[in-house]
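Next come the chains, spelled out residue by residue.
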Amino acid sequence: MVGCISSGAVWAMADYINSIFERYLHAKKIFKNKEVLRHSYTPKELPHRKEQIEELAHILVPVLRGETPSNVFVYGKTGTGKTVTIKFVTEELKRISDKYNVPVEVIYINCEIVDTQYRVLANIVNHFKNESGVEVPLVGWPTDEVYAKLKDVIDAEERFVIIVLDEIDKLIKKSGDDILYSLTRINTELKRAKVSIIGISNDLKFKEYLDARVLSSLSEEEVVFPPYDATQLKDILLQRAENAFNEGVLDDAVVPLCAALAAREHGDARRALDLLRVAGEIAEREGAGKVTERHVWLAQEKIEQDTMEEVIKTLPLHSKVLLYSIVLLDENGELPANTGDVYSVYTTLCEYIDLDSLTQRRVSDLINELDMLGIINAKVVSKGRYGRTKEIRLNVTPHKVKKIFGQDDQLRPLLTVNLSRQRRLI
Ligand SMILES: Nc1ncnc2c1ncn2[C@@H]1O[C@H](COP(=O)(O)OP(=O)(O)O)[C@@H](O)[C@H]1O
Ligand SMILES: [Mg+2]
């Protein structure tokens with residue numbers, strides 16, 4: 001009979017679930033306030049950023065004497081505290097300028113989210129919408145008109161407007177530097193207000209994308225955020241951990257290990273905080289009373305897996321099909337394979353989903369890209385007088401790739417391909 005479960009089994013299940021709940025309820029609470037470990041939380045103190053805070057304060061302080069601050073270009077790798085420091089300094093500036101009745105407006109825009117010139121301009125106009133009564137729609141107006149409106153609303157009063165363009169490299173790479181050209185010159189067209197720009201970039205090479213004139217006006221001043229070393233990361237974590245965890249739940253070795261692992265990843269404070277948070281979550285789920293080094297290692301593995309999943313999800317279509325060819329070869333016990341073997345499966349798969357295949361040369365480049373991303377391993381080996389060839393291996397589990405592609409409408413059909421049958425058909 002369908003759906004008939006013995007009453008004994010039902011009891012066993014209920015006991016099991018009960019034991020999970022009980023264990024959870026009686027486990028010592030790990031977190032006091034997990035929010036403190038989130039990226040969005042702004043701590044009251046920023047250890048090891050005194051120098052950058054002072055530099056920025058010196059650049060912005062003329063505002064209090066009624067002078068326009070220079071434009072600033074801020075750069076450093078991800079997780080070096082650029083966003084949190086700029087927010088901290090501009091909030092302080094706002095507080096002091098309010099106290100002394102100096103009219104200052106700070107507009108913060110994250111260009112990874114607001115990622116077109118039109119939307120950046122519209123955001124600036126809309127910042128003043130309560131005052132001006134003007135609201136630009138998300139699409140539809142000619143850009144020139146938005147820019148004209150922007151000048152009007154900014155210039156409505158005598159004031160200083162500081163525009164922070166965070167992750168500016170993303171915007172410029174996508175849609176060019178016209179917007180910076182206009183914004184860095186806007187003061188010549190304003191009568192009452194004065195504008196300063198703070199541009200923040202994770203990528204130093206991004207300077208190459210800028211017109212020389214734009215670069216020189218944007219980087220009137222430059223502030224560099226160097227990576228943190230393990231000792232500095234330890235201080236940052238200890239300060240956050242104090243409010244995030246209950247007393248006595250962190251083993252002494254936990255914070256130093258998170259700091260050391262994140263220091264290896266170009267001194268990224270975000271990674272360090274993630275490791276600490278995830279280690280705590282794993283300990284909590286286990287019902288453990290303490291977070292130990294073992295939980296940090298498990299957290300490291302989980303974060304790496306999650307990152308890899310994200311990388312695979314965002315690959316271009318052909319790279320995904322290529323990756324699936326290698327997955328199939330793996331399942332057929334045919335790895336390591338060379339470029340030719342992989343190419344032949346790749347073309348078969350392209351045909352299967354009605355996709356025009358790329359040339360072998362182009363696919364060879366894509367193989368190198370997958371190798372650089374760590375998804376596969378492509379080692380060049382010498383075959384004596386037969387020249388050199390690549391030995392291609394898979395670095396992720398076929399199961400993981402299948403799980404990801406199963407959620408992708410265009411790739412899902414590939415999951416039903418049986419390589420041996422498909423080869424016989426051709
Ligand atoms: N000196 C610091 N003190 C405390 N927390 C910091 C410090 N530097 C970075 N953080 C934290 O690390 C994370 C990443 O910092 P963020 O400012 O976003 O880096 P970036 O913008 O350079 O990528 C944030 O959660 C931030 O609060
Ligand atoms: Mg940032």
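Residues numbered from 1 in each chain as written. Chains lettered and ligands numbered in written order. Predicted model: local features only at pLDDT ≥ 70, side-chain atom pairs only at ≥ 80, totals over all residues. Heavy atoms only, no water.

## Section: the overall build of the protein chain
Then step 1. Along the protein chain, the regular secondary structure elements total 18 helices and seven strands.
Then step 2. Its C-alpha atoms give the protein chain principal-axis dimensions of about 75 × 60 × 55 Å.
Then step 3. Counting across all 426 residues of the protein chain, residues that qualify as buried make up 43%.
Then step 4. On the protein chain, roughly 22900 Å² of surface is accessible, and the fraction owed to carbon and sulfur atoms is 50%.
Then step 5. Of the side-chain charges in the protein chain, 58 are positive and 65 negative, and the distance between the mean point of each set is 3 Å. (Helix = DSSP H or I, 4+ residues; strand = E, 2+ residues; numbered from the N terminus. Buried < 20%, exposed > 50% of the residue type's maximum accessible area, 1.4 Å probe, protein only. Areas by Shrake-Rupley, 256 points an atom, 1.4 Å probe, with all protein chains shown as cover. Lys, Arg positive; Asp, Glu negative; His and termini not counted. Charge placed at Lys NZ, Arg CZ, Asp CG, Glu CD.)

## What to know about the site of ligand 1
Then step 1. Looking at ligand 1, there are 20 residues lining it, with Pro47, Gly79, Lys82, Thr83 and Tyr228 nearest.
Then step 2. One nitrogen or oxygen atom from the side chain of Lys82 is found 2.7 Å from an oxygen atom belonging to ligand 1.
Then step 3. Expressed as a share of its isolated accessible area of 550 Å², the protein-covered part of ligand 1 is 97%.
Then step 4. Sorting the residues of the shell around ligand 1 by element identifies helix 3 (82-99), helix 10 (230-244) and helix 12 (269-286) as the ones contributing at least two each.
Then step 5. Among the residues forming the shell around ligand 1, the class breakdown is nine nonpolar, six polar and five charged. (Near = heavy atom within 4 Å. Polar contact = N/O pair within 3.5 Å; in protein donor to acceptor, adjacent residues only side chain to side chain. Nonpolar A, V, L, I, M, F, W, Y, C, P; charged D, E, K, R; others polar.)

## Considerations on the packing of aromatic side chains
Then step 1. By the definition in use, this model includes five aromatic pairs.
Then step 2. Aromatic pair Tyr324 and Phe405: ring centres 6.0 Å apart, planes at 45°, arrangement tilted. Of this pair, Tyr324 sits in helix 14 (residues 317-331) while Phe405 sits in helix 17 (residues 398-405), and the two are 81 residues apart along the sequence.
Then step 3. A relative accessible area of 0% places Tyr324 in the buried class.
Then step 4. Among the aromatic residues, those joined into a ring-pair cluster are Phe73, Tyr75 and Phe206.
Then step 5. Lying over the aromatic face of Tyr108, Lys87 brings its terminal NZ or CZ to 4.3 Å of the ring centre.
Then step 6. For the cation-ring pair, Arg185 lies above Tyr181, with the distance from its terminal atom to the ring centre recorded as 4.2 Å. (Phe/Tyr/Trp six-rings, centres within 6.5 Å; stacked < 30°, edge-to-face > 60°. Lys NZ or Arg CZ within 6 Å of the ring centre and 35° of its normal.)

## Digging into a nonpolar patch on the surface
Then step 1. Together, Met13, Tyr16, Ile17, Ile20 and Phe21 give the surface a local cluster of nonpolar side chains, amounting to about 510 Å² of exposed area.
Then step 2. Here Ile17 is to be found in helix 1 (residues 7-26). (Patch = residues over 30% accessible without salt bridge, like charges linked within 9 Å, V, L, I, M, F, W, Y side chains within 5 Å. Salt bridge = Lys/Arg side-chain N within 4 Å of Asp/Glu carboxyl O.)

## Remarks on the domain arrangement of the protein chain
Then step 1. Domain assignment breaks the protein chain into domain 1 (50-224), domain 2 (229-311) and domain 3 (315-425).
Then step 2. Opposite the four residues of domain 2 that make contact, domain 3 presents eight residues.
Then step 3. For the domain 2 face of the interface with domain 3, the top three residues by lost area are Met308, Glu309 and Val311, together amounting to 89%.
Then step 4. Linking domain 2 with domain 3 are one salt bridge, by the criterion used here.
Then step 5. On inspection of domain 2 and its partner domain 3, the count reaches two residue pairs in polar contact (both at pLDDT 80 or more). (Domains from an automatic or database assignment. Contact = heavy atoms within 4.5 Å. Buried area = accessible area lost by both parts, 1.4 Å probe.)

## Topic: the sheet that holds strand 3 (residues 160-166)
Where strands meet in a sheet, backbone hydrogen bonds hold them as pairs that are either parallel or antiparallel.
Then step 1. Strand order in the open sheet made by the five strands is 2-3-4-1-5, with parallel pairing throughout. Across the chains shown, the open sheet's two edge strands, defined by having one partner strand only, are strand 2 (104-110) and strand 5 (221-224). Across the sheet, the axes of successive neighbouring strands diverge by a mean angle of 15°, strand direction being ignored.
Then step 2. Two strands pair when backbone bridges link them, and strand 3 and strand 4 (residues 194-201) are joined in this way by six bridges, in the parallel orientation. What sits directly across from Ile163, in strand 4, is Ile197. (Pairing = 2+ DSSP bridges. Axes fitted to C-alpha atoms, helices over the stretch in contact; angles between N-to-C directions.)

## Side note on the nonpolar core
Then step 1. Counting 38 residues, the largest nonpolar core has Ile124, Leu150, Ile154, Leu165 and Leu183 as its most contacted members.
Then step 2. Per-element tally for this core: the top contributor is helix 4 (residues 117-127), with six residues.
Then step 3. Not counting residues within four places of it along the chain, the set of residues in contact with Leu165 comprises Ile109, Cys111, Val120, Leu180, Leu183, Ile197, Ile198, Gly199 and Ile200.
Then step 4. Counting 37 residues, the second largest nonpolar core, distinct from the first, contains Leu328, Leu329, Leu370 and Leu419. (Core = buried A, V, L, I, M, F, W, Y, C linked by side-chain atoms within 4.5 Å.)

## Observations concerning helix 17
Because an α-helix completes one turn every 3.6 residues, residues spaced three or four positions apart along the sequence face the same direction.
Then step 1. Those residues of helix 17 not exposed but buried are Pro398, Lys400, Val401, Ile404 and Phe405. Buried residues along helix 17 cover an arc of 160° about the axis, so they all sit on one side.
Then step 2. Against the buried residues of helix 17 lie helix 13 (293-313), helix 14 and strand 7 (388-394). (Arc of directions from axis to C-beta.)

## A short note on the environment of Tyr324
Then step 1. When the C-alpha atoms of Tyr324 and Leu349 are compared, they prove to be 8.5 Å apart, with 25 residues separating the residues in sequence.
Then step 2. Excluding residues that lie within four positions of it along the chain, Tyr324 makes contacts with Leu349, Val401, Lys402, Phe405, Leu414 and Leu415.

## Details of the pattern of salt bridges
Then step 1. Applying the stated criterion across every chain yields a total of 29 salt bridges.
Then step 2. For Asp115, the salt bridge is made with Lys174, and the minimal N-O distance between the two is 2.9 Å. Note that Asp115 is positioned in the loop between strand 2 and helix 4 and Lys174 in helix 7 (residues 168-175), a separation of 59 residues in sequence.
Then step 3. When its relative accessible area of 22% is taken as the criterion, Asp115 is described as partly exposed.
Then step 4. Among the residues examined, Lys174 registers a relative accessible area of 52% and is labelled exposed.
Then step 5. For Glu286, the salt bridge is made with Arg294, and the minimal N-O distance between the two is 2.9 Å.
Then step 6. Note on Glu286: relative accessible area 34%, which makes it partly exposed.
Then step 7. Owing to a relative accessible area of 46%, Arg294 belongs among the partly exposed residues under this scheme.
Then step 8. Sharing partners across several salt bridges, the network here consists of Lys34, Asp274, Arg277 and Glu281.

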